[in-house]
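# Structure at a glance
What follows is the residue order along each chain.
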Amino acid sequence: MADCVFCKIAGGEIPSKFVYEDEKCVIFNDIHPKAKTHMLIVPRKHIPSIADMEDGDEKIAGHLLHCAKNIADNMKLKGYKLSINVGKEGGQEVFHLHVHLMSD
Ligand code: AMP
């Protein structure tokens, strides 16, 4: 999507250092970390939010969680929090689906 910052990051239009990437998602550090480790797991497909998921997108959503687990394992995180804000009233600021992975 033309005006979406996470589409631009995932597509390489905004240069970013990925912690991980594959054909379905990218993982990068949050620009304003709220924990010692604070990464965002972001699908390449522009899905504005969980509330906008279409049939088939559950595979992408599951993949994001699987990648979160793998990156946490690789980083040997003992415990962590995964969160998804949904909608303006749910605290969502960037309207491109993403999972926060946070650990102190
Ligand atoms: P949310 O409130 O769930 O939409 O969270 C959006 C998150 O994206 C916030 O934690 C921001 O700090 C983060 N963010 C916004 N722009 C960027 C960016 N260019 N690079 C990395 N993180 C960003």
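The following refers to the structure shown.

Conventions used here
Residue indices begin from 1 for each chain and proceed along its sequence in written order. At least 70 in pLDDT is required for a residue's local features to be given in this predicted model, at least 80 for side-chain atom pairs to be given and counted, and no such filter applies to totals for whole chains, interfaces and linings, which use all residues. Side-chain measures were taken over the full set of non-hydrogen atoms in the model, leaving aside hydrogen atoms and water. Strand pairing is assigned whenever DSSP identifies at least 2 bridges connecting the two strands. Only DSSP runs of H or I reaching four residues or more are called helices, and only runs of E reaching two or more are called strands; each is numbered from the N terminus. Helix axes use the C-alpha atoms of the stretch in contact, all axes being lines fitted to C-alpha atoms, and the angles between their N-to-C directions lie in the range 0 to 180 degrees. Residues are treated as being in contact if the distance between any of their heavy atoms lies within 4.5 Å. When we say a residue is near a molecule or strand, we mean one of its heavy atoms is within 4 Å of it. For the purposes of these results, a polar contact is taken to be a pair of N or O atoms within 3.5 Å, where, inside protein, one atom must be able to donate a hydrogen and its partner to accept one; residues adjacent in sequence count only when each atom of the pair is a side-chain atom. Here the Shrake-Rupley method, with its probe set to 1.4 Å, supplies the accessible areas, and only the displayed protein chains count as covering residues.

Turning next to the sheet that holds strand 3 (residues 37–43). Strands sit in the order 1-2-3-5-4 across an open sheet of five strands; the sheet is antiparallel. The open sheet has two edge strands with one neighbour each: strand 1 (18–21) and strand 4 (81–83). Pairs of neighbouring strands in the sheet enclose a mean axial angle of 20°, with direction left out of account. Bridging between strand 1 and strand 2 (residues 25–29) involves three bridges; their strand directions are antiparallel. Bridge pairing in strand 2 places Tyr 20 opposite Ile 27. Contacting strand 1, strand 2, strand 3, strand 4 and strand 5 (99–103), helix 2 (residues 57–74) runs over the sheet at an angle of about 150° to strand 3.

Taken together, 17 residues are adjacent to the ligand, and Asp 30, Glu 93, Val 94, His 98 and His 100 come closest. The contact in question runs from a nitrogen atom of the ligand to an N or O atom on the backbone of Ile 31, over 3.1 Å. Contacts to the ligand include Lys 34, whose side-chain N or O atom sits 3.3 Å from an oxygen atom. Compared with its free state, where it exposes 500 Å², the ligand has 86% of that area covered by protein.

It is worth stressing that arrangement in space is one thing and function is another; only the former is reported here.
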